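# Reading the structure
Below are the chains, spelled out letter by letter.
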Amino acid sequence: MRASLLNSQSHTLNPKLAQAVSAALENWDREDNTARLWSGDASLWTGSDEGRWLGWLSLVDRPGPGPDLERLVREIRLEGLSHLLLLGMGGSSLFPEVLAATFGRQQGYPELHVLDSTDPAQVLSFESRIDLLQTLFIVSSKSGSTLEPNILKRYFFEQVKQALGASEAGSRFVAITDPGSKLQAVAEREGFRSIFFGEPAVGGRYSALSNFGRVPAALMGLDVAEFIHRAGFMAQACKPQTPAYRNPGVALGVILGTLTKAGRDKLTLITSPELSALGAWLEQLLAESTGKDGKSIIPVEGEPMAPPRAYGKDRIFLHLRLDSGRERKQERAVEDLKQSGHPVIQISMADRYDLGQEVFRWEIATAVAGSLLEINPFNQPDVEASKTVARDLTQRYERVGSFPGETAFFSEGGISLWADEENRSLLSRVAGANPSAASILRAHLGRLSPGDYFAILAYLEMSPLHQKLLQSLRRRVRDRFGAATCLGFGPRFLHSTGQAYKGGPNSGVFLQVTGGDPPDLPVPGRKYTFGVVKHAQARGDFQVLSQRRRRALRVHLSAPVEKGLRELNQAVDLVLGSV
């Protein structure tokens, strides 16, 4: 029998930070801010439209999957379907990915896969993992107009139509979308098997406990009622009657907001291996919610651990562990961090179904931190800026069959380098009269200062080899410069940390990595291809970074990409040996 129904939470802070947090908690209660949050008082944030986006607070009041979803689960089990492939992006796909990775395949149910990329190689990789004749496709898009799930749907619908015939194709697709969306119209027109609706008052990154999480959870065989029931324990504990210091979500949010304002804005995630996938969901929730108006909590997800001396004074550590999966080496490393004076938050889960509690805790904490930072945690203005540029480029390609010309300012072997005029001029001047890839990279990395972070923005297939090579690069930069490091794969990070990179503080040094795309894939009914879309997204991302006057350098790798990544690592080795 569990001693408590709640996941435990504790924190270790130095006296100065502890005093600041204590004062902030007292002020939170004095202003009755928890009640203001639950009542939808927009003045708790910026006084704009925040009150319209708090539907997630009541999602736990609706238990169970519902009769339509229960019927669909029974049907696909009777039909013996072996795979589920969810096509989505951002808030519509990240939590289903957490479920698939954390729970794995359930006996007697289809295996869930989540595809959120426009990279042609990654699309082909996922296609090779499934049997088209035995797969149910879940097209997940809140707005129904998001580019990535729409073109993925076009591609796979055409594949299924060729395999099963036009009259049967729709029966292998379901949609999750808001009422009245373009996706709803498409699903009805093309005979989708089912349509499940989201909540208009719930933003995408706050939608994990809505149908965007419930539908894939039920179809893969999870007990949705139990999942929501567990989340309800946390919701009850976070209500206004609980003082801030004992309120799990409020206390966490006050700690995060207070430490961010004190310069500890790099939240470094350390998780039990079984919970590692939750990092990407937390990364989106925190970065997209708080990264605006020159402020941000910068989530550092997936960074290899190091001794305490490797970390700067801009860090705060989150240790999220599963009681049954504690690792001695990780526990010792976290204890060393605490003994060295680094702030550490620890959260322990009894089992995997307690993920629902963490969803609610972190949604409350993010909203609270947003209040302390005086920003709107429910919008994402800079995500929209990148999407607009990418859309314009894609539409141009559709009209004329090409992009506007661009020229690398340096090429060497399989590496070409690109930058806007301001960055190019500075890097060329520092690199000297006889530049090399290594000297330009040295000039770029040399711009890292205390309190900065280094982010790799990789528009490549998210393959194990690519991840290994880029993780090695980020680790070596962290160890040499003492800077927090981030790694994101495009386009998925655009809907996540991309907001903080453009709208947060100008403390990032960015290395965008692009590569050739053989073979490419067509988008049915369009002139542009998946490779063209990915290229437009990379250019749009880089253009907005440049417009925000970020320290950004683009590295383009000639095919094969693996060879180019090794050349890039060799160039970085030269840099780190001479800085």
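See above for the structure.
Let us look at the structure shown here. As a convention, each chain's residues are numbered from 1 in the sequence order in which they are written. Local features in this predicted model are restricted to residues whose pLDDT is 70 or higher, and side-chain atom pairs enter the listing and the counts only when it is 80 or higher, whereas totals over whole chains, interfaces and linings include all residues. Calculation of side-chain values draws on the structure's entire complement of heavy atoms; hydrogens and water are dropped beforehand.

Right, let's talk about the packing of aromatic side chains for a bit. Note on aromatic contacts: the rings of Phe and Tyr and the six-membered ring of Trp form a pair at centre separations within 6.5 Å, being stacked when their planes are under 30 degrees apart, edge-to-face when over 60 apart, and tilted otherwise. Under the counting rule described, the total for this entry stands at 23 aromatic pairs. With centroids separated by 6.3 Å and ring planes inclined at 65°, the aromatic side chains of Phe 227 and Tyr 353 adopt a geometry described as edge-to-face. Of this pair, Phe 227 sits in helix H10 (residues 224–237) while Tyr 353 sits in the loop between strand E10 (344–349) and helix H14 (355–373); the two residues are 126 residues apart in sequence, bridging distant segments of the chain. Grouping aromatic residues by their ring pairs yields a cluster made of Phe 137, Tyr 155, Phe 156, Phe 157, Phe 173, Phe 192 and Phe 530. We call a charge positioned over a ring when the NZ of a Lys or the CZ of an Arg lies within 6 Å of the ring centre and within 35 degrees of the ring normal. Residue placement shows Arg 129 over the ring face of Phe 126; its charged tip is 4.0 Å from the ring centre. For Arg 480, the ring lying beneath its charged end belongs to Phe 481, and the centroid distance is 5.8 Å. Put simply, DSSP H or I for four residues or longer makes a helix, DSSP E for two residues or longer makes a strand, and each gets a number counted from the N terminus.

For the rest of this paragraph, the subject is the sheet that holds strand E14 (residues 484–489). For sheets, the rule is that strands pair by backbone hydrogen bonds, running either parallel or antiparallel. Pairing is mixed in the open sheet, where 6 strands are placed in the order E11-E12-E16-E15-E13-E14. The outermost strands of the open sheet, each flanked by one partner alone, are strand E11 (410–412) and E14. Across this sheet, the average inter-strand angle for adjacent strands is 20°, counted without regard to direction. Any two strands with at least two DSSP-identified bridges between them are counted as paired. Two strands pair when backbone bridges link them, and strand E12 (residues 415–418) and strand E16 (residues 551–557) are joined in this way by 4 bridges, in the antiparallel orientation. Of the residues in E16, the one forming a bridge with Ser 416 is His 556. It only takes one pair of heavy atoms within 4.5 Å for two residues to be counted as in contact. Between the N-to-C directions of two axes lies an angle of 0 to 180 degrees, each axis being a line fitted to C-alpha atoms and, for a helix, fitted only over the stretch in contact. Running over the sheet, helix H17 (residues 437–445) touches E11, E12, strand E13 (453–459), strand E15 (508–515) and E16 and is turned about 150° from E16. Most of the contacts of helix H20 (residues 530–547) go to E13, to which it runs at about 155°, and overall it touches E12, E13, E15 and E16.

We call a residue buried when its accessible area falls under 20% of the maximum for its residue type, exposed when it is over 50%, and partly exposed in between, using a 1.4 Å probe and counting protein chains only. Buried residues dominate strand E7 (residues 266–271), accounting for 6 of its 6 residues. Two strands pair when backbone bridges link them, and E7 and strand E8 (residues 298–300) are joined in this way by 3 bridges, in the parallel orientation. Paired with Leu 267 across the strands is Pro 299, a residue of E8. Taking the sense of rotation as the criterion, the β-α-β connection linking E7, helix H12 (residues 278–290) and E8 turns out right-handed. Two strands pair when backbone bridges link them, and E7 and strand E9 (residues 315–322) are joined in this way by 6 bridges, in the parallel orientation. Paired with Lys 266 across the bridge in E9 is Arg 315. When the strands point away from the viewer, a crossover counts as right-handed if the route from the first strand across the helix to the second turns clockwise.

Below, the discussion takes up the pairing of E14. With 6 of its 6 residues buried, E14 lies for the most part within the structure. Burial of E14 is two-sided: the residues Ala 484, Cys 486 and Gly 488 facing one way and the residues Thr 485, Leu 487 and Phe 489 facing the other way are all buried. By the bridge criterion, 6 bridges tie E13 to E14 in an arrangement that is parallel. Counterpart to Ala 455 in the pairing with E14 is Cys 486. In this region the chain leaves E13, passes through helix H18 (residues 464–481) and returns to the parallel neighbour E14; the handedness of that crossover is right-handed.

Below, the discussion takes up H14. Taking 1.5 Å of rise per residue, 19 residues should cover 27 Å, and H14 covers 26 Å from first to last C-alpha, within 8% of that figure. Across the 19 residues that make up H14, a large majority, 19, are buried. Backbone geometry just downstream of H14 places Glu 374 in the positive-phi region, at approximately 60°. Between the first and last residue of a helix there are one fewer steps than residues, each counted as 1.5 Å, and that sum is the expected span.

The next thing to look at is a negative patch on the surface. Among the surface-exposed residues, Glu 26, Asp 29, Glu 31 and Asp 32 lie close enough to one another that they form a single negatively charged patch. Along the polypeptide, Asp 32 turns up in the loop between helix H1 (15–30) and helix H2 (33–39). Each patch groups residues whose relative accessible area exceeds 30% and which form no salt bridge, using 9 Å between like charges and 5 Å between nonpolar side chains of Val, Leu, Ile, Met, Phe, Trp and Tyr. What sets the accessible areas is the Shrake-Rupley method with a 1.4 Å probe; for residues, cover comes only from the shown protein chains. Each salt bridge in this description consists of a side-chain nitrogen of Lys or Arg and a carboxyl oxygen of Asp or Glu lying within 4 Å of one another. We score Asp and Glu as negative and Lys and Arg as positive, and we do not count His or the chain ends. Taken as the charge location is NZ of Lys, CZ of Arg, CG of Asp or CD of Glu.

Within the largest apolar cluster, 92 residues are counted, with the highest numbers of intra-cluster contacts made by Trp 56, Leu 219, Leu 256, Trp 281, Phe 360 and Trp 362. Sorting elements by how many residues they give to this core places H14 first, with 11 residues. Those residues in contact with Leu 219 that sit more than four places away from it in its chain are Leu 69, Leu 72, Val 73, Ile 76, Leu 84, Tyr 109, Pro 110, Leu 136 and Ile 138. Only buried Ala, Val, Leu, Ile, Met, Phe, Trp, Tyr and Cys residues count toward a nonpolar core, and they belong to the same one when joined by side-chain atoms within 4.5 Å. Within the second largest apolar cluster, 37 residues are counted, among which are Ala 438, Leu 445, Leu 448 and Val 513.

Turning next to the environment of Thr 258. Inspection of the secondary structure assignment puts Thr 258 in helix H11 (residues 248–261). Sequence separation of Thr 258 and Leu 72 is 186 residues, and the distance between their C-alpha atoms is 46 Å. Not counting residues up to four positions away in its chain, the partners in contact with Thr 258 are Ala 20, Val 21, Ala 24 and Leu 372. Polar contact criterion, stated in full: a pair of N or O atoms within 3.5 Å, where within protein one must be able to donate a hydrogen and the other to accept it, and residues adjacent in sequence count only if both atoms are side-chain atoms. A polar contact is formed between the side chain of Thr 258 and the backbone oxygen of Val 254, at a distance of 2.7 Å.

Attention now goes to the sheet that holds strand E5 (residues 173–177). The parallel open sheet is built from 5 strands, whose spatial order is E3-E2-E4-E5-E6. Each of the sheet's edge strands pairs with one partner strand only, and the pair in question is strand E3 (111–115) and strand E6 (194–197). Pairwise comparison of adjacent strand axes, ignoring direction, gives a mean angle of 20° for this sheet. In this sheet, strand E4 (residues 135–140) lies alongside strand E2 (residues 83–87) in parallel orientation, the contact comprising 5 bridges.

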